[in-house]
Amino acid sequence: MTIDFEKDGTTLTVRPEGILDSVTAPELDEQMVPQIEGMNEVILDLAKVEYISSAGLRVLVATDQAMEKRGGCMKIIHAGPYILKILDMTGLLNAFTVVSDK
Amino acid sequence: MESNKQNGGGRGNDFLLEKRLRTEAPDLHRRVADCVTVLKQTLKSYETWFPFFTDHSVLHSMDVLEFCNRILGDQAEKLSPQECYVLIMSCYLHDIGMGISEKDYLFFRDQLDWPGWHAEHPERDEAQFIRDYHQDFSGFLIRKYADVLEIPDEDLIFAIVQVSRGHRKTDLFDPAAYPDLQVPDGVIRTAYLAAVLRLADEIDMGSDRNPELLFDLSGLTEQKDIDNFGVHESIRTVEVREDRIILHVLPKEPRFIPLVEETAEKILKTLEYCRKTASDRSGLRIQQEKVEIKIIRTEEDPA
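Residues numbered from 1 in each chain as written. Chains lettered and ligands numbered in written order. Predicted model: local features only at pLDDT ≥ 70, side-chain atom pairs only at ≥ 80, totals over all residues.

A. Summary view of the overall build of chain B. In terms of helices and strands, chain B carries 12 helices and five strands. Relative to the 2.2 N^0.38 estimate, which gives 19 Å for 303 residues, the radius of gyration of chain B is 19 Å and therefore close to what a compact globule would have. Reported as C-alpha extents along the three principal axes, the dimensions of chain B are approximately 60 × 50 × 35 Å. Out of the 303 residues in chain B, the part that is buried amounts to 48%. (Helix = DSSP H or I, 4+ residues; strand = E, 2+ residues; numbered from the N terminus. Rg over C-alpha atoms; globule rule 2.2 N^0.38 Å. Buried ≥ 20, exposed ≤ 12 C-beta atoms within 10 Å, placed from the backbone.)

B. Structural view of the sheet that holds strand β4 (residues 244–249) of chain B. Residues and elements named next belong to chain B. With mixed pairing, the three strands of this open sheet are ordered in space as β3-β4-β5. Only two strands of the sheet have a single partner each, and these edge strands are β3 (235–240) and β5 (290–295). Each neighbouring strand pair of the sheet contributes to a mean axis angle of 20°, computed without reference to strand direction. Across six bridges, the pairing between β4 and β5 is parallel. What sits directly across from Arg 244, in β5, is Lys 290. (Pairing = 2+ DSSP bridges. Axes fitted to C-alpha atoms, helices over the stretch in contact; angles between N-to-C directions.)

C. The interface of chain A and chain B, seen in detail. The interface of chain A with chain B comprises 24 residues on the first partner and 23 residues on the second. Contributing elements (two or more residues each) for the side of chain A that touches chain B: α1 (25–35) and α2 (54–69) of chain A. Residues of the side of chain A that touches chain B, tallied by class, amount to 13 nonpolar, eight polar and three charged. (Contact = placed C-beta atoms within 7 Å. Nonpolar A, V, L, I, M, F, W, Y, C, P; charged D, E, K, R; others polar.)

D. Geometry of the nonpolar core. With 112 residues, the main nonpolar core has Cys 68, Leu 87, Ile 88 and Val 196 of chain B as its most contacted residues. Beyond its immediate stretch of four places on either side in the chain, Val 196 of chain B contacts Cys 68, Ile 71, Leu 72, Leu 87 and Ile 286 of chain B. (Core = buried A, V, L, I, M, F, W, Y, C linked by C-beta atoms within 7 Å.)

E. Just the packing of helix α4 (residues 58–72) of chain B against helix α5 (residues 81–93) of chain B, in detail. Residue and element names in this part refer to chain B. One can describe the packing of α4 onto α5 by two numbers: an axis separation of 8 Å at closest approach and a directional angle of 145°. The crossing of α4 and α5 is right-handed. Residues Ser 61, Val 64, Leu 65 and Cys 68 of α4 form the contact with α5, whose participating residues are Leu 87, Ile 88, Cys 91 and Tyr 92. Partitioning the contact of α4 with α5 into residue classes produces seven nonpolar, one polar and no charged. (Left-handed = near helix turned anticlockwise from the far one by under 90°.)

F. Focus on the environment of Thr 170 of chain B. All names here are of chain B. In this structure, Thr 170 sits in the loop between α9 (154–165) and β1 (180–183). On the neighbour-count criterion, Thr 170 (19 C-beta atoms within 10 Å) is partly exposed. Residues Thr 170 and His 118, spaced 52 residues apart in sequence, show a C-alpha to C-alpha distance of 21 Å. With near-sequence residues (within four places) excluded, Thr 170 lies in contact with Gln 135, Arg 165 and Ala 177.

Written out as structure tokens, the structure reads:
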């Protein structure tokens, strides 16, 4: 998968593209570590994520927890209907800040 | 580096229990979702007692749940919706005792004979007592906070308590402790569910157990902590196939190889126990039969 990182002051926008599963999730976890240093907000743009497995969800939870430890926050934007369905099915939809596109 | 996809990409077995619950018991699914939101915060409290321990947060719960889905495979279709609910909740709650509050700990500890344990182990501290008995502390907390967790009735409370406790040490062959509960819409086979959970918990040994985002290992000083984390780091992934469990290993240092082998042996013992529980105590199966270690070859390895 490809992952784009964009910084604007202390806001980091992360745009993974493809499938976030047990193969690709460790890459995202590893790349996130240096990127979130000094950041107050992480925006996860899931517009181009086709599928997310439990491993992918773990990285989302870990990022959310890492930001909270740093006194910052994370939010999810542009999640497609299928991704929203997975978040809802796993009980995580209300556990994250998910910004609706509507 | 050799590809280490889990379970052949496994979209088919992803979220089996969650899908069934959402479709067939939406009220129970809603209760689980509400719990997850709360537990995402609550489960972090294990760090109070165990600041240098491997992850016991909601991340571990999610791992265990995923492993349950993979262990079950096609057996998941044979579970009742209540069983799906009990197993999912137990995945989230089985280690809640590790983060017990001081107040609850002082309230419950004498029920576990703290004075007797302390007399026998004067060199050990209260954190170790909690660690030794955390499955029972989890049981106490689930029952005490059943209303907050919105567990709807006594049968489900009992089942979740027992299955959660069953992730370690308890005797899954005891029919009084692990009965088949007849409930209005089906049955809850507590021994089988506990066996699946025990195995799933045992195999959560991969490096992603302690994500780099949350764990800075450079500050560890105690040898046992270094060894513990080193074993996790060496096991890059745990793959659950229909007939076996595979540890994909890239040893952090050569000295971790025998520790990984010990870990594989321990997993095999648990697998054998859980398979026997399933076959003797229920009409369901645990299909995995063996544990393998596969060493990951890198580009630097000699041909």
